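Coordinate inspection notes
Listed below, chain by chain, are the residues.
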Amino acid sequence: MHMNVGNEAFRSIPNKDSHLPWYKNAGLLQLNLFLMCIFTGQFLNGYDGALISSFQAMNSWLTTLDLKGSNDKATNIGLLNAAVYLAGLCIAPFAAWVSDRFGRKWCIRYSSIANLIGTAIGAAAGTGNANGYAMFMMSRIIIGSGLAFCVMISPIMLQELPHPKHRVLMAGLFDVAYITGSFVAAWVTFGCSYISSDWAWRIPYLIHLPFAVIMIIVISLVPESPRWLFKQGREDEGKAFMVKYHANGGENDELVAFEVSEIQEALRSEREAKQDTWKMILSSRSSLHRLGCVILIVTMQNLSGTAIIAYYYTSILKLVGITDTSTQTGINAGLTSFTVVMALSGVWLTKRIRRKTQIYISWAGVLLSNIGLIISTSLYTQTGHKSAGLAAVFFVWIYNGSFFLSCGPIFFSYPAEVLHLSMRSKGMMIWTICAKLMSVFSSYVNPVAMVDIAWKWYFFYTAIIVVTGILAHFVLVETKGRTLEEIGELFDGKILQAHMDPSHYEIGSDDEKLSEKSLEKNV
């Protein structure tokens, strides 16, 4: 009998206490609370990313870093932003090795330590006789290396640890944590903008610290990825994880047996095809298709034009005549509030419509708002009409909101879910390297282009949006309603035995292992 895969068929498999809401299921409650540590790292990523944009409106920060009135101000700010991505670019291969060799958790540990050290250095920038710009640059490099570890590995953990029925939701909420971080940063800097001293920017920067401390403590309590444990041959530990957290301690649980069977068979297939080697990854059509999906998604994520909004929002506002610091930070805070709503709406949509449909809707909004922003900004530049300036602000909001309708629930989760276990860290390394290269480009080129050609620079992103939108239709595969192992079938064209014959996953006896009959079928 063939299972109806692709339609959340796993929900029909008996699972202990599955009828209870997650907060009344001790195993799921504990696991989901542990996963808050992963969201904390992405919260810090969003918080940190929004700070530099807001700091540009603060005279105290510009003065401390000797940027106020500097002829090279745009270039130096661009270098500060690029430093974060260059650090991530250089360290990404090492993060992939650590993840595969020592486990996913060590990457989160390094991220929290880097945040602690980098924040201390950055907050002390310009004190005494120290060179403020040099210290802040060092801070950005250290924090950037830590954020790269976190952002690269966290999506993997959110695919591999959650209960199957929570995987999509947890993965979708990951970028909501980023937006929440941006939201908090925007309102904190808005409040601190009324402080006349250096503490106007030092206080927001120091807020990194408590969250980094929470991460380094809680990550020690988070269980290791069961799929990583299986790959290391530590199957008893992997099964114990499934029983404790996915079956609320229930022995001989059918869903756990199904998950174990899927993982074992997928790993066996990957080992036989040697899919964990770079040679096979780069020569296998299915693996290249996976990498193609990853690279397309990361291009949509980083070259949509929203980087201008994230880091140079004040430049856009100045371009349309809004120059007051409090007004700029207030509008920015309002934008992040709206973005949070749109990201949460995206998570709600993900449970109800197909992934590709959601991307189409989002990308149509991004394209239309990009065109609207070009028209309104050019009209303001030519006429100076206030209505054109207000229209530009409106289109910035729609631009960002439309983007996060799909970025929030899909762009971070999709790459990790289409990569099979043996290449997941390596594939996410490619994702990180591409993201950092594109971000370095955006961080260094955007401020210069905004000064030299202003609104005309948006046309570059118009072309990228059109091309990536077309490619999304032909390259991306629909993953809705499938487990991680079922998604692999879309690329490999091979149906797992567990999906062909339910007797493939029999409940074990007292030793809680799959029956000998089931194991024989796997061979």
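Up top is the structure.
Residues numbered from 1 in each chain as written. Predicted model: local features only at pLDDT ≥ 70, side-chain atom pairs only at ≥ 80, totals over all residues. Heavy atoms only, no water.

1. A look at the nonpolar core
As a reminder of what qualifies: Nonpolar cores were defined as sets of buried Ala, Val, Leu, Ile, Met, Phe, Trp, Tyr and Cys residues, with membership established by side-chain atoms within 4.5 Å. The rule is simple: take the accessible area with a 1.4 Å probe, protein chains only, and divide by the maximum for that residue type; under 20% is buried, over 50% is exposed, in between is partly exposed. By the criteria applied, helices consist of DSSP H or I runs no shorter than four residues and strands consist of E runs no shorter than two, each listed in order from the N terminus. It only takes one pair of heavy atoms within 4.5 Å for two residues to be counted as in contact.
Grouped together as the largest cluster of nonpolar side chains are 99 residues, with contacts concentrated most on Leu35, Ile108, Met152, Met300, Phe411, Tyr414 and Leu476. The greatest single-element share of this core, amounting to nine residues, is contributed by helix α6 (residues 132–160). Setting aside anything within four residues of it in sequence, one finds Phe411 in contact with Ile297, Met300, Gln301, Ile359, Trp363, Phe403, Ser406 and Trp431. Ranked by size, the runner-up nonpolar core spans 31 residues in total, among them Ala50, Leu51, Met135 and Phe136.

2. Points about a nonpolar patch on the surface
Cut-off, in case you're wondering: Note that patches include only residues with greater than 30% relative accessible area and no salt bridge, and the join distances are 9 Å for like charges and 5 Å for nonpolar side chains (Val, Leu, Ile, Met, Phe, Trp, Tyr). In these tables, accessible area is a Shrake-Rupley quantity obtained with a 1.4 Å probe, and a residue counts as shielded only by the protein chains included in the view. Here a salt bridge means any side-chain nitrogen of Lys or Arg lying within 4 Å of a carboxyl oxygen belonging to Asp or Glu.
On the surface, Phe94, Trp97, Phe102 and Trp106 cluster together to form a nonpolar patch covering roughly 470 Å² of accessible area. Broken down by element, the nonpolar patch gets its largest block of residues, three residues, from helix α4 (residues 73–102). Along the chain, the position of Phe94 falls in helix α4. Judged by its relative accessible area of 46%, Phe94 is partly exposed.

3. Some points on the pattern of salt bridges
This structure, assessed with the given rule, holds eleven salt bridges. Note that Glu160 is salt-bridged to Arg424, the shortest N-O span being 2.9 Å. With Glu160 in helix α6 and Arg424 in helix α20 (residues 424–452), this pair connects stretches of sequence that are 264 residues apart. Measuring nitrogen to oxygen at the nearest pair gives 2.9 Å for the salt bridge that ties Arg234 to Glu237. Assessed through its relative accessible area of 34%, Arg234 is described here as partly exposed.

4. Description of the packing of α4 against α6
The test is simple: Angles run from 0 to 180 degrees between N-to-C directions of axes, and those axes are lines fitted to C-alpha atoms, restricted for helices to the stretch in contact. Here is the rule for angles: anything less than 35 degrees is roughly parallel, anything more than 145 is roughly antiparallel, 65 through 115 is roughly perpendicular, and the remaining ranges are oblique. We call a crossing left-handed when the near helix sits turned anticlockwise from the far one by less than a right angle, and right-handed when that turn is clockwise. Any residue that is not Ala, Val, Leu, Ile, Met, Phe, Trp, Tyr, Cys, Pro, Asp, Glu, Lys or Arg is counted as polar, Gly included; the first ten are nonpolar and the last four charged.
Between α4 and α6, the least distance of the axes is 7 Å, while the angle of their chain directions is 40°. Considered as vectors, α4 and α6 are oriented oblique to each other. The handedness of the crossing between α4 and α6 is right-handed. Tallied by class, the residues present in the contact of α4 with α6 amount to 19 nonpolar, five polar and one charged.

5. Topic: the side chain of Ser139
Mapped onto the fold, Ser139 is located in helix α6. Judged by relative accessible area, which is 0%, Ser139 ranks as buried. Not counting the four nearest positions on each side in its chain, Ser139 is found in contact with Gly118, Thr119, Ile121, Gly122 and Tyr205.

6. Quick look at unusual backbone geometry
Despite not being glycine, Asp66 has its phi angle at roughly 60°, a positive value. Structurally, Asp66 is set in the loop between α3 (59–64) and α4. The phi dihedral of Asn248 is positive, around 50°, even though this residue is not glycine. Position of Asn248 relative to the elements: it lies in the loop between α11 (235–246) and α12 (254–272).

7. Digging into the packing of aromatic side chains
Short version of the rule: We call Phe, Tyr and Trp rings a pair once their centres come within 6.5 Å, taking the six-membered ring for Trp, and we label the pair stacked below 30 degrees between planes, edge-to-face above 60, and tilted otherwise.
Counting across every chain of the model gives 29 aromatic pairs. Relative to Trp201, the ring of Phe136 has its centre 5.8 Å away and its plane inclined at 80°; by these criteria the two rings are edge-to-face. With Phe136 in helix α6 and Trp201 in helix α8 (residues 199–206), the pair connects residues that are 65 residues apart, well separated along the chain. Each of the two residues, Phe136 as well as Trp201, counts as buried. Ring geometry for Phe174 and Phe412: centres 5.4 Å apart, planes at 80°, overall edge-to-face. With Phe174 in helix α7 (residues 167–192) and Phe412 in the loop between α18 (386–411) and α19 (413–418), the pair connects residues that are 238 residues apart, well separated along the chain.

8. Digging into α11
Where we set the bar: For a helix, the expected span equals 1.5 Å multiplied by the number of residues minus one.
An ideal rise of 1.5 Å per residue puts 16 Å on twelve residues; α11 measures up with 16 Å between its terminal C-alpha atoms. Those residues of α11 lying buried are Gly238, Lys239, Phe241, Met242, Val243, Tyr245 and His246. Check the buried side of α11 and you find it contacts α1 (26–34), α10 (226–231) and α12. Positioned one or two residues after α11, Asn248 has a phi angle of 50°, which is positive.

9. Remarks on the environment of Leu379
Along the chain, Leu379 turns up in helix α17 (residues 355–383). For the pair formed by Leu379 and Gly389, sequence separation is ten residues and the distance between their alpha carbons is 8.3 Å. Each residue touching Leu379, except ones within four places of it in the same chain, is listed here: Gly384 and Ala388.

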